[in-house]
Amino acid sequence: MAQRLTPLPPDQLSTDQRAVYDGITGGDRLKGTQHFPVVAPDGSLNGPFAIMAHVPGVGGALQELGAAIRYRTSLTARVREIGILLVATKLGSEFEWWAHERVARAVGLDDAELAQLKQGAFSPTDPAEQAAADLSVALLDNTAVTDEQFARYRDVLGVQAVVELTSLVGYYRTLAQLMAVFDIGIPTDA
């Protein structure tokens, strides 16, 4: 972890910080197969989670939103990872790409698809995945969504998925920006 942020092992956490830590380590993120380490060998948190623990008032809300976006939406796992990897590419987030490339492979994205996403584009045969990629890129490019585009996204994905994907892109953009400010990349022990 970069020197801009001091790691917080569990024995150094305040009560409020511990609540954030427990929310991250006791929730869905650590159930099942772990594709990347959320917790460092010293017990502190990796990636954006380390930042969340430092500022419990915001960090608690962020980790709750992240859990909802990752585990309680109608988005398919592939669509979710397509959106996340496009954020990682467009914002140059080393940690997001490193972590979510592993998740993406586990949900079925192959080398050719990952190579496309690494270039900031995606051309799948599935219309829902294409609509999701197009919406993600428009959001990341700060391009206004026209009525025609919105109608396509709504018709292909559904209103619920449009809201969820827009929220996902915004959330992961926030994480990428936080990690850029605090110079957090891939964990040194990874």
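Scoring rules and cut-offs
- Residues numbered from 1 in each chain as written.
- Predicted model: local features only at pLDDT ≥ 70, side-chain atom pairs only at ≥ 80, totals over all residues.
- Heavy atoms only, no water.
- Helix = DSSP H or I, 4+ residues; strand = E, 2+ residues; numbered from the N terminus.
- Rg over C-alpha atoms; globule rule 2.2 N^0.38 Å.
- Buried < 20%, exposed > 50% of the residue type's maximum accessible area, 1.4 Å probe, protein only.
- Contact = heavy atoms within 4.5 Å.
- Areas by Shrake-Rupley, 256 points an atom, 1.4 Å probe, with all protein chains shown as cover.
- Lys, Arg positive; Asp, Glu negative; His and termini not counted.
- Charge placed at Lys NZ, Arg CZ, Asp CG, Glu CD.
- Axes fitted to C-alpha atoms, helices over the stretch in contact; angles between N-to-C directions.
- Parallel < 35°, antiparallel > 145°, perpendicular 65-115°, else oblique.
- Core = buried A, V, L, I, M, F, W, Y, C linked by side-chain atoms within 4.5 Å.
- Domains from an automatic or database assignment.
- Buried area = accessible area lost by both parts, 1.4 Å probe.
- 1 Å grid on protein atoms, 1.4 Å probe; cavity = no way out; pocket = protein on both sides within 12 Å on 5 of 7 lines; lining within 4 Å.
- Points joined across faces, edges and corners; volume = space filled by probe spheres on them.
- Nonpolar A, V, L, I, M, F, W, Y, C, P; charged D, E, K, R; others polar.

Looking up the chain in an unreviewed UniProt entry gives the name Carboxymuconolactone decarboxylase-like domain-containing protein, with the organism given as Mycolicibacterium murale.

Novice: Explanation requested: the overall build of the chain in the structure shown.
Specialist: Helices and strands together make up the secondary structure of the chain, namely nine helices and zero strands. Computed over the C-alpha atoms, the radius of gyration of the chain is 17 Å, within 12% of the 16 Å expected from 2.2 N^0.38 for a compact globule of 190 residues. Seen through its principal axes, the chain has C-alpha atoms that stretch 55 × 30 × 30 Å. Per-residue burial for the chain yields a buried fraction of 46% across its 190 residues. When contacts within the chain are restricted to residue pairs at least 6 apart in sequence, those whose partners lie at least 24 apart make up 69%. Per element, the accessible surface of the chain, about 9,000 Å² overall, is 52% carbon and sulfur. Put simply, the chain has 15 plus and 23 minus side-chain charges, and the middle of one group is 1 Å from the middle of the other.

Novice: Got a minute to help me understand the packing of helix 5 (residues 94-106) against helix 9 (residues 159-181) in this structure?
Specialist: For any two helices packed against each other, the geometry is given by the interaxial angle and the distance between the axes. Between helix 5 and helix 9, the least distance of the axes is 8 Å, while the angle of their chain directions is 125°. Of the possible angle classes, the one that applies to helix 5 and helix 9 is oblique. Each of Phe95, Glu96 and His100 in helix 5 lies in contact with helix 9, whose residues at this interface are Tyr172, Leu175, Ala176 and Met179.

Novice: How should the nonpolar core be read in this particular structure?
Specialist: For soluble globular proteins, the rule of thumb is that nonpolar side chains tend to be buried together. Within the largest apolar cluster, 53 residues are counted, with the highest numbers of intra-cluster contacts made by Phe36, Met52, Leu165, Leu168 and Tyr172. When residues of this core are assigned to their parent elements, the largest contribution, nine residues, is made by helix 9. Split by domain, the residues of this core number at least three in each of domain 1 (15-71) and domain 2 (76-181). If sequence neighbours within four positions are ignored, Tyr172 has contacts with Ile69, Arg70, Ile84, Val87, Glu96 and His100.

Novice: How should the domain arrangement of the chain be read in this particular structure?
Specialist: Note: interface size is frequently given as the accessible area lost on complex formation between the parts. Looking at the assigned domains, one finds that the chain contains domain 1 (15-71) and domain 2 (76-181). Here the C-alpha centroids of domain 1 and domain 2 sit 22 Å apart. With 14 residues of domain 1 at the interface, the matching set in domain 2 holds 18 residues. Summing both sides of the interface, domain 1 and domain 2 together bury roughly 1,400 Å²; the carbon and sulfur share of this comes to 81%. Contact with domain 2 buries area across many residues of domain 1, yet His35, Ile69 and Arg70 alone supply 42% of it, more than any other trio.

Novice: Is there a simple way to think about empty space enclosed by the protein in this case?
Specialist: Evaluation of the coordinates by the stated rule reveals one cavity of 30 Å³ or more. Of the volumes computed, that of the largest cavity is approximately 40 Å³. Every residue lining the largest cavity is listed: Thr6, Pro7, Leu8, Tyr21, Ser44, Leu45, Ala50, Ala53 and His54. Element by element, the count of residues in the lining of the largest cavity is highest for helix 2 (residues 47-54), at three residues. In terms of residue class, the lining of the largest cavity is made up of six nonpolar, three polar and no charged.

Novice: How should the layout of surface pockets be read in this particular structure?
Specialist: Over the atoms, a rolled probe matching the size of one water molecule traces out where space is still vacant. The volume enclosed by the largest pocket comes to roughly 250 Å³. As for the largest pocket, its lining consists of 22 residues, and the residues nearest its centre are Arg29, Phe36, Arg70, Tyr71 and His100. Among the elements of the structure, helix 2, helix 3 (56-71), helix 5 and helix 9 are those that each provide at least two residues to the lining of the largest pocket. By residue class, the composition of the lining of the largest pocket is 11 nonpolar, six polar and five charged. For the lining of the largest pocket, the domains that each give at least three residues are domain 1 (15-71) and domain 2 (76-181).

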